[in-house]
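# Structure at a glance
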Amino acid sequence: MHLNPYGEDAVNLAADLANRRPASAGELSERCRAAGLLVDRPVTRGDLEKTWATLDAWEKVVDATDEHERAELVNRMLAAAAAYPRLTDHAGDGWHLHYRGEWQPFGSVLFSLISVGTALHLAGRGMHRLRRCAVTECATIFADTSRTGRQRYCSQRCANRDAVRRHRARTAP
């Protein structure tokens, strides 16, 4: 499977990593592979630390209070990740586009992937379509990929929990 490196898959991977941060380089590698990302170089402790820093910056994008702030934060990430776009067939399974240098360490690859993927997601779907769950005690991050763009909850479980809470509040004596 080819991970669409600059679309919703990258944003979903970022959300997954942010919601449950990898504790080791091995875990980071396995979770990226499980998400469909080709891990074609060793993943080191330095890559893990770069990923943690990437997720810190990315969560600021998620938590931005308005579109302009969100755009500025994404633009800072894009500037730091800047590399010329290039065609590659590094996996031998078809030509595709990368926005990163050929020999970057894995942590830098993830930074580029998450930066460009987030920018394309927000520009293509809407600046509001990256957020935390609306349930107060749930801090889960998600990318809104719904057709209507009005997703408020990270899962059906949280949506149901909030509906029950609202119902009980309306019917309480």
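What you are looking at is a predicted structure, and each value in this text was computed from that prediction instead of being measured.

## Some words on the overall build of the protein
For the protein, the helix and strand inventory stands at six helices and four strands. When its helices and strands are written in sequence order, the protein yields α-α-α-α-β-β-α-β-β-α. Residues counted as buried form 43% of the 173 residues belonging to the protein. Counting every atom, the protein has about 9,500 Å² of accessible surface; 54% of that belongs to carbon and sulfur.

## Some thoughts on helix α5 (residues 106-125)
Its 20 residues give α5 an end-to-end C-alpha distance of 28 Å, which sits within 8% of 28 Å, the value for a rise of 1.5 Å per residue. Summarising burial for α5: 16 of the 20 residues are buried, a large majority. One or two residues past the end of α5 sits G126, with phi positive at roughly 135°.

## Focus on the packing of aromatic side chains
Using the criterion set out here, one finds zero aromatic pairs in the structure. For K50, the ring lying beneath its charged end belongs to F111, and the centroid distance is 4.4 Å.

## Focus on the state of the cysteines
Taken as a whole and judged by the stated rule, the model has zero disulfides. This cysteine, C138, is not joined by any disulfide, and C154 carries the nearest cysteine sulfur, 3.8 Å off. Residue classification places C138 among the buried residues on the basis of a relative accessible area of 12%.

Parameters at a glance
- Residues numbered from 1 in each chain as written.
- Predicted model: local features only at pLDDT ≥ 70, side-chain atom pairs only at ≥ 80, totals over all residues.
- Heavy atoms only, no water.
- Helix = DSSP H or I, 4+ residues; strand = E, 2+ residues; numbered from the N terminus.
- Buried < 20%, exposed > 50% of the residue type's maximum accessible area, 1.4 Å probe, protein only.
- Areas by Shrake-Rupley, 256 points an atom, 1.4 Å probe, with all protein chains shown as cover.
- Expected span 1.5 Å × (residues − 1).
- Phe/Tyr/Trp six-rings, centres within 6.5 Å; stacked < 30°, edge-to-face > 60°.
- Lys NZ or Arg CZ within 6 Å of the ring centre and 35° of its normal.
- Disulfide = S-S within 2.5 Å.

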